[in-house]
Amino acid sequence: MPQHGGHRESTVQVLVFALESLRPPPLFEALRVCEVFRRRLLGVAGRFFGADRIPPKFSGKTAAGTPLRDDHKHLHVFALSIGDGGGRGHGGGCGRLGDRFIDRVGVVCRSGLSPAEVELVSAVTLPALAGAPIFLTRTSSECLERSATRFLSHTPFLPVRHPKRRQGVLREGFADQVALELQRRGLPLPVGVNPLAGPWRRFRTTRRLKSGSFTHLGAHGFEVVFEEPVRGPFLLGRNCHFGMGLFLPADISA
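Note that this is a predicted model, so its numbers are computed, not measured.

Student: What's the story with the nonpolar core in this structure? I'm lost.
Tutor: Among the nonpolar cores identified, the biggest contains 37 residues, and Phe-37, Phe-58, Ile-102, Val-105, Val-107, Leu-113 and Val-121 are the most heavily contacted of them. Those elements that place two or more of their residues in this core are strand E1 (12-20), helix H1 (30-49), strand E2 (76-80), strand E3 (104-113) and helix H3 (115-122). Per-element accounting of this core gives the leading share, 10 residues, to H1. The residues touching Phe-37, leaving out its near neighbours within four places in the chain, are Phe-17, Val-77, Val-105, Val-107, Val-121, Val-124, Leu-126 and Leu-136. Core analysis: the next-biggest nonpolar cluster, separate from the first, contains 13 residues, Ala-148, Leu-182, Phe-226 and Val-230 among them.

Student: Just checking my understanding: could you explain the packing of aromatic side chains for this structure?
Tutor: By convention here, two paired aromatic rings are described through the distance between centres and the angle between planes. Counted under the stated rule, the structure contains 8 aromatic pairs. Both rings, one in Phe-48 and one in Phe-49, keep their centres 4.7 Å apart while their planes meet at 70 degrees; by these two values the pair is edge-to-face. Look at Phe-157 and Phe-222: their rings are 6.0 Å apart centre to centre, the planes differ by 80 degrees, and that puts the pair in the edge-to-face class. Placement of Phe-157 in the loop between strand E5 (147-153) and strand E6 (164-166) and of Phe-222 in strand E9 (residues 222-231) is noted, with a sequence separation of 65 residues between them. One exposure class covers both Phe-157 and Phe-222, and it is buried. Ring pairing ties together the aromatic residues Phe-151, Phe-226, Phe-234 and Phe-247, which thus form one cluster.

Student: Help me understand the sheet that holds strand E8 (residues 192-195), please; the structure alone is not making it clear to me.
Tutor: Within a sheet, neighbouring strands are paired by backbone hydrogen bonds and run either parallel or antiparallel to one another. With antiparallel pairing, the 5 strands of this open sheet are ordered in space as E8-E9-E5-E11-E10. Of all strands in the sheet, those with a lone pairing partner are E8 and strand E10 (234-235), marking the two edges. Relative to strand E11 (residues 246-249), E5 is paired through 3 bridges, and the arrangement is antiparallel. Of the residues in E11, the one forming a bridge with Ser-153 is Phe-247. Where helix H5 (residues 174-184) meets the sheet, it contacts E8, E9 and E10, and its direction lies at approximately 25 degrees from that of E9.

The rules behind the values
- Residues numbered from 1 in each chain as written.
- Predicted model: local features only at pLDDT ≥ 70, side-chain atom pairs only at ≥ 80, totals over all residues.
- Heavy atoms only, no water.
- Core = buried A, V, L, I, M, F, W, Y, C linked by side-chain atoms within 4.5 Å.
- Buried < 20%, exposed > 50% of the residue type's maximum accessible area, 1.4 Å probe, protein only.
- Helix = DSSP H or I, 4+ residues; strand = E, 2+ residues; numbered from the N terminus.
- Contact = heavy atoms within 4.5 Å.
- Phe/Tyr/Trp six-rings, centres within 6.5 Å; stacked < 30°, edge-to-face > 60°.
- Pairing = 2+ DSSP bridges.
- Axes fitted to C-alpha atoms, helices over the stretch in contact; angles between N-to-C directions.

What follows is the structure, given as structure tokens:
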């Protein structure tokens with residue numbers, strides 16, 4: 001069991017685990033996988049800290065039970081498919097994006113995770129979501145964290161507001177919402193946010209334990225271009241804490 005403490009210990013922001021299974025979940029079930037991972041993480045954290053003392057960075061809530069307002073610096077869970085042996089018997093990165101199988105799961109926490117918290121996250125396991133055991137092994141996050149000027153959607157961006165037309169000008173369009181969320185996370189304003197074709201409608205976009213909202217706004221993909229290199233990865237939009245709106249450096253996501 002991890003020992004909590006050491007507030008001055010070095011922290012990490014991105015943890016990645018290789019996922020191996022005879023039947024790995026398809027990428028378009030990323031939200032379901034992330035929801036299960038997060039639920040199990042809260043279970044592990046609850047057993048260690050106490051159910052009523054789970055750190056806000058894990059729960060996403062304040063001590064009073066209200067949503068945490070920290071510009072999304074608390075924990076996000078993600079799932080992706082980038083190949084090189086993603087799953088026993090399945091090539092995770094082969095074929096079209098919507099036909100791939102998940103070969104990585106992980107977390108991003110911009111407020112940082114201590115060594116004890118890293119150990120806690122590493123204790124999370126996944127059940128046999130597709131009928132076969134799942135094995136998670138910590139692996140390098142280097143390729144995901146490297147800086148780039150061009151990022152592509154890996155899972156769909158889910159808008160939170162309907163675009164409005166005022167005096168003949170479209171405001172709060174979906175690309176505008178991407179740029180706004182980047183700014184709220186302290187990232188530079190992109191020089192381009194361009195629609196990206198993809199199988200976005202095939203993805204599950206509503207959580208099992210929470211009724212759907214804003215589903216009429218659809219699921220979308222984008223290419224995001226910055227003037228100077230930016231460190232990845234980042235997650236934006238509705239359900240971003242459950243794997244939606246994952247943007248990866250273009251050479252990985254492609």
